[in-house]
Amino acid sequence: MCNLYRMTKPIDEVAKLFAVENALSGSNLGQEVYPGYPGAVIGDGALRSMVWGFPLVLKSKKTGKPLKPKPVNNARTDKLDSYMWRYSFEERRCLIPLTAWAEAEGTKGSMTRTWMSLPNADVFNVAGIWRNSDEWGPCYSMVMTDSAGDAAQLHSRMPVILTPKTQELWTKGSARQAKELCRPQPWDLNLDRTDEAWFRRS
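Residues numbered from 1 in each chain as written. Predicted model: local features only at pLDDT ≥ 70, side-chain atom pairs only at ≥ 80, totals over all residues. Heavy atoms only, no water.

1. Side note on the packing of aromatic side chains
Line of reasoning, step 1. A full pass over the atoms with the stated rule returns six aromatic pairs.
Line of reasoning, step 2. Here Trp 52 and Tyr 140 contribute two aromatic rings whose centre-to-centre distance is 6.5 Å and whose plane-to-plane angle is 15°, an arrangement assigned as stacked. Note that Trp 52 is positioned in strand 5 (residues 46–52) and Tyr 140 in strand 13 (residues 137–146), a separation of 88 residues in sequence.
Line of reasoning, step 3. A relative accessible area of 0% means that Tyr 140 is categorised as buried.
Line of reasoning, step 4. Ring geometry for Phe 54 and Trp 85: centres 4.9 Å apart, planes at 50°, overall tilted. Of this pair, Phe 54 sits in strand 6 (residues 54–56) while Trp 85 is found in the loop between strand 8 (74–76) and helix 2 (86–91), placing the two residues 31 residues apart along the sequence. (Phe/Tyr/Trp six-rings, centres within 6.5 Å; stacked < 30°, edge-to-face > 60°. Helix = DSSP H or I, 4+ residues; strand = E, 2+ residues; numbered from the N terminus. Buried < 20%, exposed > 50% of the residue type's maximum accessible area, 1.4 Å probe, protein only.)

2. Topic: the environment of Ala 121
Line of reasoning, step 1. Along the chain, Ala 121 turns up in the loop between strand 11 (112–117) and strand 12 (124–133).
Line of reasoning, step 2. Residues Ala 121 and Glu 91, spaced 30 residues apart in sequence, show a C-alpha to C-alpha distance of 29 Å.

3. Details of helix 3 (residues 164–172)
Line of reasoning, step 1. Where helix 3 is concerned, the buried positions are Thr 166, Gln 167 and Trp 170. In an axial view of helix 3, the angular spread of the buried residues amounts to 115°, which keeps them on one side of the axis. With respect to the buried face of helix 3, the exposed residues turned more than 90 degrees away are Pro 164, Lys 165, Glu 168 and Lys 172.
Line of reasoning, step 2. In this structure, the buried side of helix 3 is in contact with helix 2, strand 9 (93–98), strand 12, strand 13, strand 15 (161–162) and helix 4 (175–180). (Arc of directions from axis to C-beta. Contact = heavy atoms within 4.5 Å.)

4. Overview of the pairing of strand 11
Line of reasoning, step 1. Of all six residues that make up strand 11, five are buried, and the element is covered over most of its length.
Line of reasoning, step 2. As paired strands, strand 10 (residues 100–105) and strand 11 are joined by five bridges and run antiparallel to one another. Bridging across to strand 11, Glu 105 finds its partner in Thr 112.
Line of reasoning, step 3. With antiparallel pairing between neighbouring strands as the criterion, strand 10 and strand 11 make up a hairpin whose turn holds six residues, including Gly 106 at a positive phi of roughly 115°.
Line of reasoning, step 4. As paired strands, strand 11 and strand 16 (residues 190–197) are joined by five bridges and run antiparallel to one another. In the strand pairing of strand 16, Ser 117 is matched with Asn 190. (Pairing = 2+ DSSP bridges.)

In structure tokens:
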């Protein structure tokens, strides 16, 4: 599952590339995006800032009081009909622009980051869904499918990658049409195996 991705392309260029309004004026977004932090999302014809992850509020086993919300940043394709995702999937699909996503490789305690990207694509879109929340305002989750091709070397699931031809079908098509785009595909990917620690210690 994806818990880290990069969006290193300048925001103005992304808006022009995908022919959408740039509604991010003044936003301060990091180039590496983590669950619970804001990222750039294309929704309703504009590039906007939303928090990555739907808030899941759990209660303390000791006190029974609500804990700090946990960001649920991945929506599995086989769970899109569940209560948590259903209405967002049917009514509020979006595009998530990124330059690469990462998975952890190695043994526990010494895992490193391996970045995956599309050859010959400075930036590309993956499938997302979004909603408004009381806790964080607008928030989004990345839609995941079974891995195939190069991505299967690293994890059993991967983001649903969209092409210029399927982006509009994802955002404007029916739920049935959008669901058909979530099938595994053996994408050819660039794999950048680094010695960067997966968990960075400050």
